[in-house]
Amino acid sequence: MSKYGMLDNVLNDILKAVTPLQEDWAIRFGIVNDLRLVAESVESLRGATVEPFGSFVSNLFTRWGDLDISIELSNGSHISSVGKKHKQTLLADLLKALRAKGGWNNLQFIINARVPILKLRRYPSGISCDISINNLQGQMKSKMLLWISNIDGRFHDMVLLVKEWAKAHKINNPKTGTFNSYSLSLLVIFHFQTCAPAILPPLKDIYPGNMVDDLIGVRADVEDLIGETCDTNINRFLSDKSRPKNKKSLAELFVEFLRKFAQMDSWASKMGISPYTGQWEQIKDNTRWLPKTYAIFVEDPFEQPQNTARSVSSGHLPKIAKAFLETYSVLISSQNPSSILTYLAPLHISRYIMKPAMPNYGGYLPPPQPQVPRPLRPQPAPQRRIQNGSKGSSSNSSTSGGGKGSSFNGSTSRAPLPVQAQQRQQIWRPRIQ
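Owing to the predicted nature of the structure, the values given are computational and were not obtained by experimental measurement.

## A short note on the overall build of the protein
Moving on, step 1. On a plain count of helices and strands, the protein comes out with 13 helices and seven strands.
Moving on, step 2. Counting the 433 residues in the protein, one finds 54% classified as buried.
Moving on, step 3. Long-range pairs, those at least 24 residues apart, make up 72% of the contacts in the protein with a sequence separation of at least 6.
Moving on, step 4. Total accessible area on the protein is roughly 19400 Å²; 51% of this is exposed by carbon and sulfur atoms.

As C-alpha cells, then:
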C-alpha cells in the first residue's frame, strides 16, 4: 500500500458515513415545505418566500447537518431592505405561528444577534434549523461555494472532512470562541489556492468585485449577472490547457492542510488570509483590515473586508493550532487506522464506521427514515450550468468510482487514490508573495 493509501481509505470511510443519502435530502425538502405552509399563515409574511441557503444549497452538508432558511419578503421584483427591528418583529410573529402549529422543539429566538435568528429543531427528524429574514447575501454566498465545487470535486470532499475533523477537536463552534463552518470552508479554498500546483484560482478571478455591494436592483437581473459572470470565468479557468494539473490525493491534501495552518497562533497577529486574492497579506499593509482587533483574520471574499473568523478568541487560538499540529503529527507517524480515525472524526462517526452492523451513536441519534411517499428521488439545489465542468474535477476525487481497500471490517470504501507528493516533515510557515 502506498504511503498515503491507508489514510485515503480512512478518509473515504468517513465520507461514506457522513455523505447525505436520498432520504436526508427528502427530510430537508420536507422541512422547507412545512415552513412554507407556516409562513403562509402569518399575515405579516404575506407574499414572502421561504428559501434554503447555507451548506444545504452549496451541497456541503452532512447527514446530521443543520438547515439554514431565509424568509425573503415581497418587494415586487426588486431586492428589499429590512431594518433589524422589523426583522425581530417578523420572527416573533413566525415564532407564535410555529408554536401554535406544533412539531417543532427547542425554539429559541436570538433577538439581539447581529443577524436576528430563530433557532428550532424539527420533530421527529431532529434536524436543527436557523431562520433569518432577507438573507440574500447568505443565499448568494452559498451558490458561490456550489459553483466553486464544480471546478474540482475534491473541494466538496475536503470541506466535509475538515468540518468533521474540527468537530472531533471541538474547534467548530463560534459560540465557544472557535471557527464557524463558513470560515473552515474558506480555509479549504485558500489551501487549494496556495498548494502546488494550485487547484483553485483567486476568487477575484471568478467574481471581480465585492459581491454583496452588487445585490441591489431587480433581483432576477442581479442574480443572473452574478451567475453569468461566474460561469464565464470558471469556464475560462477550466479551459486553460496551460494550467498545471494538481493530481494529489485527498490524503496528501489533508495532511498539507494541517501542516499549513499548524502554527497559526504564531503568525495570525501579523498575517491575514485572503481567498479573494488567493494570497497571505500583511495586516499592517492592508488598510481594509485596520484597526486589527481579531485573533485571526479570514476575509470573506464576497463581503470584504468582513472577517469570517471574528468569533475566534485569542484564548482559544492556541487550542486550535494544537489540534492542527497534533493531528498532523499523528497522520505522518501512525499506521493504525483506528488511532487515526479517532483524530479525524467525532466519536459517533468513529463508532459507526468501526461497527457498521450495530452503530453506536453515543447519544447522537441517526437520521430517521423520512415520511415521504415512494418513489421519491430528491435532487440537490439547482446548479448553474458550467460548461465542461467535468474537466476541472480531478480523477482523484473520492466521490467518484468504486473499489475495495476499507480500513475497517464491515465497511467498504474506494480504492486508495494516486500519490505523487512527498511527505513533508517540517511545519509550514506562510510567505508573503
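## Some points on the pattern of salt bridges
Moving on, step 1. Counting across every chain of the model gives 16 salt bridges.
Moving on, step 2. Close ionic contact of Asp-285 with Lys-284 constitutes a salt bridge, the shortest N to O distance being 3.3 Å. Considered together, Asp-285 and Lys-284 belong to a single accessibility category, that of exposed residues.
Moving on, step 3. Residue Glu-326 pairs with Lys-322 through a salt bridge whose shortest N-O separation is 3.8 Å. One end of the pair is Glu-326 and the other is Lys-322, both in helix α11 (residues 317–333) and four residues apart, which spans about a single turn.
Moving on, step 4. Relative accessible area serves as the criterion here: at 35%, Glu-326 is assigned to the partly exposed category.
Moving on, step 5. Look at the salt bridges and you will find they share partners, linking Glu-51, Lys-143, Arg-219 and Glu-223 into a network.

## Focus: the pairing of strand β2 (residues 67–72)
Moving on, step 1. When you tally the buried positions in β2, you get five out of six residues, the bulk of the element.
Moving on, step 2. Of the pairings in the sheet, the one linking strand β1 (residues 49–53) to β2 comprises five bridges and is antiparallel in character. Its bridge partner being in β2, Thr-49 is matched across the sheet by Glu-72.
Moving on, step 3. One ladder, built from five bridges, connects β2 with strand β5 (residues 128–133); its direction is parallel. By the bridge assignment for β5, Ser-70 is matched with Ser-132.

## Examining the side chain of Arg-122
Moving on, step 1. Position of Arg-122 among the secondary structure elements: in strand β4 (residues 117–122).
Moving on, step 2. Polar contacts involving the side chain of Arg-122 include one to the side chain of Asp-34, which spans 2.7 Å.
Moving on, step 3. Residues within four places of Arg-122 in sequence aside, it is in contact with Ile-31, Asp-34, Gly-102, Gly-103, Trp-104 and Ile-127.

## Some remarks on helix α7 (residues 181–194)
Moving on, step 1. Over its 14 residues, α7 extends 20 Å from the first C-alpha to the last, a length consistent with the 20 Å expected when each residue adds 1.5 Å.
Moving on, step 2. With 11 of 14 residues buried, α7 lies mostly within the body of the structure.
Moving on, step 3. Along α7, the residues that are buried comprise Ser-183, Leu-184, Ser-185, Leu-186, Leu-187, Val-188, Ile-189, Phe-190, His-191, Phe-192 and Gln-193.
Moving on, step 4. Turning to α7, the residues buried within the fold contact α5 (136–149), α6 (153–168), α9 (250–261), β6 (271–274) and β7 (279–282).

## A short note on the sheet that holds β2
Moving on, step 1. With respect to topology, five strands assemble into an open sheet ordered β1-β2-β5-β4-β3, the strand pairing being mixed. Each edge of the open sheet carries a strand with a single partner, namely β1 and β3 (104–110). Neighbour to neighbour, the strand axes of the sheet diverge by 25° on average, direction disregarded.
Moving on, step 2. Alignment of β4 against β5, held across four bridges, turns out to be antiparallel. Bridging across to β5, Lys-119 finds its partner in Asp-130.
Moving on, step 3. Here helix α4 (residues 84–101) sits on the sheet and contacts β2, β3, β4 and β5; the angle it forms with β3, its principal contact strand, is near 165°.

## Brief notes about the environment of Ile-189
Moving on, step 1. Mapping Ile-189 onto the fold places it in helix α7.
Moving on, step 2. A relative accessible area of 0% means that Ile-189 is categorised as buried.
Moving on, step 3. Along the backbone, Ile-189 and Ile-199 are 10 residues apart, and their C-alpha atoms lie at a distance of 9.0 Å.
Moving on, step 4. In this structure, Ile-189 is in contact with Leu-145, Ile-148, Phe-155, Leu-200, Leu-203 and Pro-275, ignoring residues within four places of it in sequence.

## Considerations on the environment of Ser-274
Moving on, step 1. Turning to its location among the elements, Ser-274 is positioned in strand β6.
Moving on, step 2. Owing to a relative accessible area of 0%, Ser-274 belongs among the buried residues under this scheme.
Moving on, step 3. Between the C-alpha atoms of Ser-274 and Glu-299, which are 25 residues apart in sequence, the distance is 5.3 Å.
Moving on, step 4. When near neighbours in sequence (up to four residues on either side) are disregarded, Ser-274 contacts Phe-190, Gln-193, Gln-279, Glu-281, Trp-289 and Glu-299.

## Let's talk about the pairing of β5
Moving on, step 1. Counting buried positions along β5 gives six out of six residues, so the element sits mostly inside the fold.
Moving on, step 2. Residues of β5 alternate between two faces, with Ser-128, Asp-130 and Ser-132 on one and Cys-129, Ile-131 and Ile-133 on the opposite face, all of them buried.
Moving on, step 3. Turn length for the β4-β5 hairpin, with the two strands adjacent in sequence and antiparallel, is five residues, and the turn residue Gly-126 shows positive phi of about 80°.

## Comments concerning the packing of α11 against helix α12 (residues 337–344)
Moving on, step 1. Close contact between α11 and α12 brings their axes to 10 Å; oriented N to C, the two are set at 160°. The angle between α11 and α12 falls in the class roughly antiparallel. Judged by the twist between their axes, the crossing of α11 over α12 is left-handed. Of the residues in α12, those in contact with Glu-326, Thr-327, Val-330 and Leu-331 of α11 are Ile-340, Tyr-343 and Leu-344.
Moving on, step 2. Across the contact of α11 with α12, the residue classes tally to five nonpolar, one polar and one charged.

## Some details on the packing of helix α1 (residues 5–18) against helix α13 (residues 347–354)
Moving on, step 1. Where α1 contacts α13, the axes come no closer than 10 Å and their chain directions differ by 105°. Classed by the angle they form, the pair α1 and α13 counts as roughly perpendicular. Touching Asp-13, Ile-14, Ala-17 and Val-18 of α1 are Ile-349, Tyr-352 and Ile-353, all from α13.
Moving on, step 2. Here the contact of α1 with α13 is composed, by residue class, of six nonpolar, no polar and one charged.

Cut-offs applied
Residues numbered from 1 in each chain as written. Predicted model: local features only at pLDDT ≥ 70, side-chain atom pairs only at ≥ 80, totals over all residues. Heavy atoms only, no water. Helix = DSSP H or I, 4+ residues; strand = E, 2+ residues; numbered from the N terminus. Buried < 20%, exposed > 50% of the residue type's maximum accessible area, 1.4 Å probe, protein only. Contact = heavy atoms within 4.5 Å. Areas by Shrake-Rupley, 256 points an atom, 1.4 Å probe, with all protein chains shown as cover. Salt bridge = Lys/Arg side-chain N within 4 Å of Asp/Glu carboxyl O. Pairing = 2+ DSSP bridges. Polar contact = N/O pair within 3.5 Å; in protein donor to acceptor, adjacent residues only side chain to side chain. Expected span 1.5 Å × (residues − 1). Axes fitted to C-alpha atoms, helices over the stretch in contact; angles between N-to-C directions. Parallel < 35°, antiparallel > 145°, perpendicular 65-115°, else oblique. Left-handed = near helix turned anticlockwise from the far one by under 90°. Nonpolar A, V, L, I, M, F, W, Y, C, P; charged D, E, K, R; others polar.

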